[in-house]
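Spelled out from the first residue to the last, the chains are:
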Amino acid sequence: MDNTSQESQLQSENSSTYESTYPLYAMAISSSSTSSNLQRIAVGSFIEEYTNRVDILSFNAETLTLRPNPSLSFDHPYPPTKLMFHPSTPSSLLRHSAVDLLATSGDYLRLWEVRESSVEALSLFNNSKTSEFCAPLTSFDWNDIDPKRIGTSSIDTTCTIWDIEKGVVETQLIAHDKEVYDIAWGEARVFSSVSADGSVRIFDLRDKEHSTIIYESPQPDTPLLRLAWNKQDLRYMATILMDSNKVVILDIRSPTMPVAELERHRGSVSAIAWAPQSSRHICSAGDDAQALIWELPTVAGPNGIDPMSVYSAGCEINQLQWSATQPDWIAIAFANKMQLLRV
Amino acid sequence: MLPENFKEQLALAVRSIQWSYAIFWSTSSTQPGVLSWGEGYYNGDIKTRKTSQGVELNPDQIGLQRSEQLRELFKSLKAAEASPQTKKPSAALSPEDLTDTEWYYLVCMSFVFNTGQGLPGKALAKAEPIWLCDAPSSDCRVFSRCLLAKSASIQTVVCFPFINGVIELGTTDHVSEDLSLIQQIRTSYLDILDFGVHNIYGATLSEDVACASFNVKQAPEVGGALINTTSPNNSSNAFQANQTPDETFMAERINNGTSQIQTWQVMDDELSNGVHNSSDCVSQTLQSPEKIASLPKGDNLTDNSAKDLEKGSNSKMTLVDPRSDDWHYQMVLSTLLKSSDQLFMGMHFQNFHQESSFVSWKNAGPVSSQRPRTDGGTSQTLLKKILFEVPRMHLDGILECQEENEYKEGVRTEAEENGMNHVLSERRRRAKLNERFLTLRSMVPSITKDDKVSILDDAIEYLRKLEKRIKELEVHKDLTDREARTKRSPQDMVERTSDNYFNKTDNGKKSMSKKRKSRDMDEKSPETNSESLLKGSCTNNDVDVNINENNEVEVEMKCPSKAGMFLKIMEGVSSLGLNLHSVQSREVDGNLYVTLKSKLAGSTIVSVKRIKQTLQNVASKC
């Protein structure tokens, strides 16, 4: 194992930890595994300077080892705001199975081809025709039903839908009154977004004139920071508010009234992820250094909903991923560490 | 089996009292004693109206169309459930288009009631109306849909037995019990049907089927206009042919009803390009013969089954379990929009004590009692940085880049348009920028922190100080100019001094700013001042003067650092008529060290001794 750098890894029976030399934020788990049954995990650095790094790790679920691939690390301008692997391995785009597509967001949406021993920048998506620059991106989501679509959210109040195969903008919508902080696909043509204006809105690409407001934060203009759409049951989505310990669960059929508010975190919540293979489970993590797994009850009791299980990390958890390819594992990021936890 | 115009009569009834919906729960012919959806009319709020353009519909038609669309949506969702791989069939409406009340109405379609179960079941069992005023807060054993009703804000629900089923009416308003209302509805709209069914339907059975099959053939082939004229006539003919004279009035009503149905169907055909919808109506009409087949003994059958049900109801009533209703509610919700998926996770969670990194929440009980932290300032730190500050970093980068581009006179190569090259050029630019910052940092004294903002802040602060100093010196220069006119001193000395002045330390600067004050003091009490200072200062003053063959004078002196000392020294030097080349001063341990380099100007001849004396004098006087 080429552990020449200060990067090290710790392991136990039910978790595996990777320690980087810099703070980590963005994180993604590949939806395909390489020949040797290794899972690729991408982590993005958070350094408040121009040069940031994206590292690709290999996770072996049998030996519980997390190994960095120094040859697959690459520079990224400023910290990537989100990383995501192609939701399903597209045979048309890729030459062989060891190749992955990774998307990153920041100043632009970028596509990278992660090969066996190298990473190559495939394309950069700039939707500004007039200038070299487009407004910085806060997040994006890859459409898993129609993987040629990627939707990005920007601080310029818009969402942009890219056709990444043609490399053209399919549409750009002024989605909100303020900065858009997150975007999530529901169906092939339906997406939702959250914003500093405090609303969750649903858009249908077939009817771009209208959007439906699903939820508005109780105190006007409390920004909504993250959004997760339940891929197993599209009626439900979850969002988190700024400086709030709540996870708000929404039912798209009953707008404005959340169906549940999960309030057992003892600090603000920073990340949420629905279970990839169950419609009723969601994981949340936050400043209280805890990751909580919740089972949404059929009917909420008067005292609110308790989570079913809890994991305590060393410090504030900033990131959380629950991958469909590794449903038994939840990945969290805190400080310089990335940790895989067995569910 | 329902009369042809039943839907219309139901519509009229519910519209006449302006309630939200009417449902006819009909007893199933296959499962005696089970009430299921028979017919319904929706009269409540509508969120998104999806009509085709240009077709004007009257309110009747809109209402009927809406009810039909809701029914279609329900069927399409059911179909999607049966075969999940086929994506939802196209329905005119999608679940997102529904209001809460419509959703309630839609979900009602999935309910079935045993006799005695739920509101319709009880009404059937008791054979009398039930009036429920506060539906949402009612016991779910009485009204199983109370949760649904709550979400739809349905307030009042009324059920009463009718023909071989139960009619249910509901509204979002609170309406107190008024059985005369039910009576009124029955007499004016519904009893006609009750009466008509037995007489007319049995007789027109075969014709009806014929008429239905006629529609089957015609609808897809013939244009809408043709159906509009032919089919209603045809069906009404069929009915008329079988009418007894004393039922003319009835027949007319039914004729109206059927023609309404026909025209409405045609409308619908037009709306959705004919084929889809007409085939749908075909299948509906085709189903009816089967139902009708069971009718001949209709009266007896219903009576019998009603009795059976009444017997059964007593035992069944007690079995109604609220949890099962919840379960039903959940099942309906989960089946309607997506095939229900019970949790797969059971496996993992059952044995998570052995393997999982997570521990059961109950074990973590004690901690859970702690209050949530509310230190908003430091929460979600990294998330906020990602969302709020990282975009700002990019924006700043863009601005700088644009400035740089403008500086480059807008010359931008093709390569730079390419994004990857942009990254490289950005990196180069960044490196240059960092380099310049380092330079700036080295130039500014008293840098407190290493980050760029602090460097800029300190540089700004430093520049301000310098500007202030220049002003002070200019003021001072004016003063010395005036003095110089009397003393004939070289003019440029002060300016030169100012060039080098700021090699001095902070203490030196302070002494500068206190200059005037100390001077005033000097003028007020020169003797006391000089006397007191003379005592200690004589030994401390140390002046070393060298003059070489090129008439270059080098002076090194040391004296106690005092306010205004440096200035006095300068004044002293200028009074000697020396042209200063450079002045260096530093302060160590309260002593001022000054090194002067100068050249004797022209004819001026000054001895080493004189210089020494003058400077010692100056130093001791301060």
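- The name recorded for chain B in an unreviewed UniProt entry is Endoglucanase 3, from Stylosanthes scabra.
- According to its UniProt record, chain B has this under Subcellular location (unreviewed entry): "Nucleus".

- In the nomenclature of an unreviewed UniProt entry, chain A corresponds to Protein TRANSPARENT TESTA GLABRA 1 from the organism Stylosanthes scabra.

## Points about the overall build of chain B
Thinking step 1. When helices and strands are tallied, chain B shows 24 helices and eleven strands.
Thinking step 2. For chain B, buried positions account for 30% of its 622 residues.
Thinking step 3. For chain B, long-range pairs separated by at least 24 residues make up 66% of all intrachain contacts whose partners lie at least 6 apart in sequence.

## Some remarks on the overall build of chain A
Thinking step 1. Of the regular secondary structure elements, chain A holds zero helices and 30 strands.
Thinking step 2. Put simply, chain A has 343 residues, and 56% of those count as buried.
Thinking step 3. Once local pairs closer than 6 in sequence are excluded, the contacts in chain A between residues at least 24 apart make up 47%.

## Digging into unusual backbone geometry
Leave glycine aside and you will find that most residues have negative phi; peptide bonds, for their part, are mostly trans.
Residue and element names in this part refer to chain A.
Thinking step 1. Notably, Tyr78 is not glycine yet its phi reads approximately 60 degrees, a positive angle.
Thinking step 2. Structurally, Tyr78 can be placed in the loop between β7 (74-77) and β8 (82-85).
Thinking step 3. One non-glycine residue, Ala335, lies in positive phi territory at about 50 degrees.
Thinking step 4. Considering the arrangement of structural elements, one finds Ala335 in the loop between β29 (329-334) and β30 (337-342).
Thinking step 5. The class for Ala335 is partly exposed, based on 17 C-beta atoms found within 10 Å.

## Topic: helix α23 (residues 565-575) of chain B
All names here are of chain B.
Thinking step 1. For α23, the tally of buried residues reaches eight of eleven residues, placing the bulk of the element in the interior.
Thinking step 2. Within the sequence span of α23, burial applies to Met565, Phe566, Leu567, Lys568, Ile569, Met570, Val573 and Ser574.
Thinking step 3. Of the residues one or two after α23, Gly577 is the one with positive phi, at around 75 degrees.

## A closer look at the nonpolar core
Thinking step 1. If you look at the biggest cluster of nonpolar residues, it comprises 113 residues, and the most contacted ones within it are Met27(A) and Ile332(A).
Thinking step 2. Non-local contacts of Ile332(A), meaning those with residues more than four positions away in its chain, are made with Ala285(A), Ala291(A), Ala313(A), Ile317(A), Gln319(A), Leu320(A), Gln339(A) and Leu341(A).
Thinking step 3. Counting residues in each nonpolar core, the second largest holds 54 residues, with Ala13(B), Leu93(B), Leu124(B) and Phe160(B) among its members.

## A closer look at the UniProt feature "repeat: WD" (unreviewed entry) in chain A
Thinking step 1. According to UniProt, the positions carrying the feature "repeat: WD" (unreviewed entry) are residues 173-213 and 262-296 of chain A.
Thinking step 2. With 0% helix and 54% strand, the stretch residues 262-296 of chain A has end C-alpha atoms that lie 9 Å from each other.

## A few points about the sheet that holds strand β15 (residues 168-174) of chain A
Residue and element names in this part refer to chain A.
Thinking step 1. Sheet architecture is open: four strands sit in the order β12-β13-β14-β15, paired in antiparallel fashion. Among the strands making up the open sheet, the edge pair consists of β12 (137-142) and β15. Sheet twist, expressed as the mean angle between neighbouring strand axes with direction ignored, is 20 degrees.
Thinking step 2. Inspection of the sheet shows β12 paired to strand β13 (residues 149-154) by five bridges, in the antiparallel sense. Bridge assignment links Ser139 to a residue of β13, and that residue is Ser153.

## Digging into the sheet that holds strand β26 (residues 290-295) of chain A
Consider a sheet: its strands pair through backbone hydrogen bonds, and that pairing is either parallel or antiparallel.
Thinking step 1. Strand order across the open sheet formed by five strands is β24(A)-β25(A)-β26(A)-β27(A)-β7(B), with antiparallel pairing between neighbours. The strands lining the two open edges of the sheet, one partner per strand, are β24 (269-274) of chain A together with β7 (359-360) of chain B.
Thinking step 2. Pairing analysis gives two bridges linking strand β27 (residues 309-312) of chain A to β7(B), with the strands arranged antiparallel. Bridge pairing in β7(B) links Val310(A) to Val359(B).

## Notes on the environment of Thr101(B)
Residues and elements named next belong to chain B.
Thinking step 1. Relative to the elements of secondary structure, Thr101 occurs in helix α3 (residues 100-108).
Thinking step 2. The class for Thr101 is buried, based on 24 C-beta atoms found within 10 Å.
Thinking step 3. In this structure the C-alpha to C-alpha distance between Thr101 and Leu148, which are 47 residues apart in sequence, comes to 9.0 Å.

## Side note on the pairing of strand β9 (residues 100-105) of chain A
All names here are of chain A.
Thinking step 1. Where burial is concerned, most of β9 is hidden: six out of the six residues are buried.
Thinking step 2. The alternating pattern of β9 places Asp100, Leu102 and Thr104 on one face and Leu101, Ala103 and Ser105 on the opposite face, and all of these are buried.
Thinking step 3. In the sheet, β9 pairs with strand β10 (residues 109-114) via six bridges, with the strands oriented antiparallel. Across the sheet, the residue bridging to Ala103 is Leu111, located in β10.

## Overview of the pairing of strand β10 (residues 578-588) of chain B
Residue and element names in this part refer to chain B.
Thinking step 1. Across ten bridges, β10 lies against strand β11 (residues 591-600) in antiparallel orientation. Paired with Arg586 across the strands is Tyr593, a residue of β11.
Thinking step 2. The hairpin turn running from β10 into β11, its antiparallel successor, is two residues long, and Asp589 in that turn takes a positive phi close to 50 degrees.

## Observations regarding the confidence of the model for chain A
Residue and element names in this part refer to chain A.
Thinking step 1. Here chain A shows a mean pLDDT of 88. Residues at 70 or above account for 90%.
Thinking step 2. Low confidence marks residues 1-10, where pLDDT is under 50. Its contacts with residues over four positions away, or in another chain, come to 17 contacts.
Thinking step 3. Below a pLDDT of 50 lies the segment residues 90-95, which in the model reaches four contacts outside its immediate sequence neighbourhood of four places, other chains included.

## A word on the environment of Tyr41(B)
All names here are of chain B.
Thinking step 1. Structurally, Tyr41 is set in strand β2 (residues 34-42).
Thinking step 2. The spacing of Tyr41 and Leu10 is 31 residues in sequence and 6.6 Å in space, taken between C-alpha atoms.
Thinking step 3. Apart from residues lying up to four places away in sequence, Tyr41 is in contact with Lys7, Leu10, Ala11, Val14, Tyr21, Ala22, Gly63 and Ser67.

## Observations concerning helix α4 (residues 118-126) of chain B
Residue and element names in this part refer to chain B.
Thinking step 1. Within α4, eight of the nine residues are buried, which leaves the element mostly enclosed by the surrounding structure.
Thinking step 2. Among the residues making up α4, those that are buried are Gly118, Leu119, Pro120, Gly121, Lys122, Ala123, Leu124 and Ala125.
Thinking step 3. A positive backbone phi angle near 55 degrees is found at Ala127, which sits one or two residues after α4.

## Notes on the confidence of the model for chain B
Residue and element names in this part refer to chain B.
Thinking step 1. Confidence in the prediction of chain B, expressed as mean pLDDT, is 63, and 52% of residues score 70 or more.
Thinking step 2. Within the model, pLDDT remains below 50 along residues 84-89, and this stretch shows eight contacts once partners closer than five positions in the same chain are excluded.
Thinking step 3. Low confidence marks residues 364-376, where pLDDT is under 50. Its contacts with residues over four positions away, or in another chain, come to 13 contacts.
Thinking step 4. Taken together, the chains of this predicted complex give a pTM of 0.47 and an interface ipTM of 0.90.

Analysis parameters
Residues numbered from 1 in each chain as written. Chains lettered and ligands numbered in written order. Predicted model: local features only at pLDDT ≥ 70, side-chain atom pairs only at ≥ 80, totals over all residues. UniProt positions renumbered as here; feature names shortened; annotations may be inferred. Helix = DSSP H or I, 4+ residues; strand = E, 2+ residues; numbered from the N terminus. Buried ≥ 20, exposed ≤ 12 C-beta atoms within 10 Å, placed from the backbone. Contact = placed C-beta atoms within 7 Å. Core = buried A, V, L, I, M, F, W, Y, C linked by C-beta atoms within 7 Å. Pairing = 2+ DSSP bridges. Axes fitted to C-alpha atoms, helices over the stretch in contact; angles between N-to-C directions. pLDDT = per-residue confidence, 0-100.

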